[in-house]
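Tertiary structure, described
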Amino acid sequence: SSVFLYLQLFGTIVWILVASTRIPLPLLQGWVMFVAVTAWFLSIVFLCVFLFGYANRIALNWNQTDFLFHGATFVFYFGAFLLQAATTSLHHFPRKFNSTTQEKILADHEYNISIAASVCTLYVCIWGTEVCYSTWEL
């Protein structure tokens, strides 16, 4: 259950960090938010299945289900990491290319927040890889 708590914690941090910026690229960061919120909700459901004892009542290979859940979470979070890192790397470009003002896509404070979101997303990917590997060994 500690695995789900770490996924909850870092997924929530990604969710909060991305939501605290002005979302300059909605298509990219929208996917990051979708992955963070969906993984957060599904891990709550998965955790409740174990906490309330439904796992004993449902005839299912829970090791395989756990592997598939964390494997899919890894794939989606890795994609989210790439998109968040891409958004972060574009921070110095102007917000509007035709404008005379030099407002950047991400302000300095938002740039720092975006770096933190990228790191937390990468941490969830690394954690998911470790969980998949340990589940595969069982």
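Our subject is the structure listed above.
These numbers were taken from a predicted model, which means no experiment stands behind them.

Remarks on the overall build of the protein
Tallying secondary structure elements over the protein gives five helices and zero strands in all. Traced from its N-terminal end to its C-terminal end, the protein shows the element sequence α-α-α-α-α. Going through the 138 residues of the protein one by one, you find that 36% of them count as buried. Considering only contacts within the protein whose residues lie at least 6 apart along the sequence, 72% involve residues at least 24 apart.

Topic: empty space enclosed by the protein
Inspection of the entire model under this criterion finds one cavity of 30 Å³ or more. In this structure, the largest cavity encloses a volume near 30 Å³. Every residue lining the largest cavity is listed: Leu7, His70, Thr73, Val124, Trp127 and Gly128. Among the elements that take part in the lining of the largest cavity, helix 5 (residues 108-137) stands out by supplying three residues, more than any other.

A few points about the side chain of threonine 88
The residue threonine 88 is located in helix 4 (residues 62-89) in this model. Of note is the side chain of threonine 88, whose polar atom sits 2.4 Å from the side chain of serine 114. Those residues in contact with threonine 88 that lie beyond four places of it in its chain are Leu106, Tyr111, Ser114, Ile115 and Ser118.

Structural notes on the nonpolar core
Core analysis: the biggest nonpolar cluster contains 23 residues, and Val14, Val18 and Tyr77 have the highest contact counts within it. Where this core is concerned, the elements lending two or more residues are helix 1 (2-19), helix 2 (26-51), helix 4 and helix 5. Here the element with the most residues in this core is helix 2; it accounts for seven residues. Here tyrosine 77 is in contact with Leu7, Gly11, Val35, Ala36, Ala39, Thr121, Val124 and Cys125, once residues within four sequence places are set aside.

Describing the layout of surface pockets
Take a probe with the size of a water molecule and roll it over the atoms, and the empty space left behind shows itself. Space inside the largest pocket adds up to approximately 160 Å³. Elements with a minimum of two residues in the lining of the largest pocket: helix 2 and helix 4. Element by element, the count of residues in the lining of the largest pocket is highest for helix 2, at six residues. Of the residues assigned to the lining of the largest pocket, the class counts are eight nonpolar, two polar and no charged.

Quick look at the packing of aromatic side chains
For the structure shown, the criterion picks out ten aromatic pairs. Ring geometry for phenylalanine 10 versus tyrosine 123: centroids 4.4 Å apart, planes at 45°, classification tilted. In this pair, phenylalanine 10 sits in helix 1 while tyrosine 123 sits in helix 5, placing the two residues 113 residues apart along the sequence. The exposure class of tyrosine 123 is partly exposed, given its relative accessible area of 31%. What links up through ring pairs into an aromatic cluster is the set Phe46, Phe50, Trp62 and Phe69.

The rules behind the values
Residues numbered from 1 in each chain as written. Predicted model: local features only at pLDDT ≥ 70, side-chain atom pairs only at ≥ 80, totals over all residues. Heavy atoms only, no water. Helix = DSSP H or I, 4+ residues; strand = E, 2+ residues; numbered from the N terminus. Buried < 20%, exposed > 50% of the residue type's maximum accessible area, 1.4 Å probe, protein only. Contact = heavy atoms within 4.5 Å. 1 Å grid on protein atoms, 1.4 Å probe; cavity = no way out; pocket = protein on both sides within 12 Å on 5 of 7 lines; lining within 4 Å. Points joined across faces, edges and corners; volume = space filled by probe spheres on them. Polar contact = N/O pair within 3.5 Å; in protein donor to acceptor, adjacent residues only side chain to side chain. Core = buried A, V, L, I, M, F, W, Y, C linked by side-chain atoms within 4.5 Å. Nonpolar A, V, L, I, M, F, W, Y, C, P; charged D, E, K, R; others polar. Phe/Tyr/Trp six-rings, centres within 6.5 Å; stacked < 30°, edge-to-face > 60°.

That is the geometry; function is a separate question.
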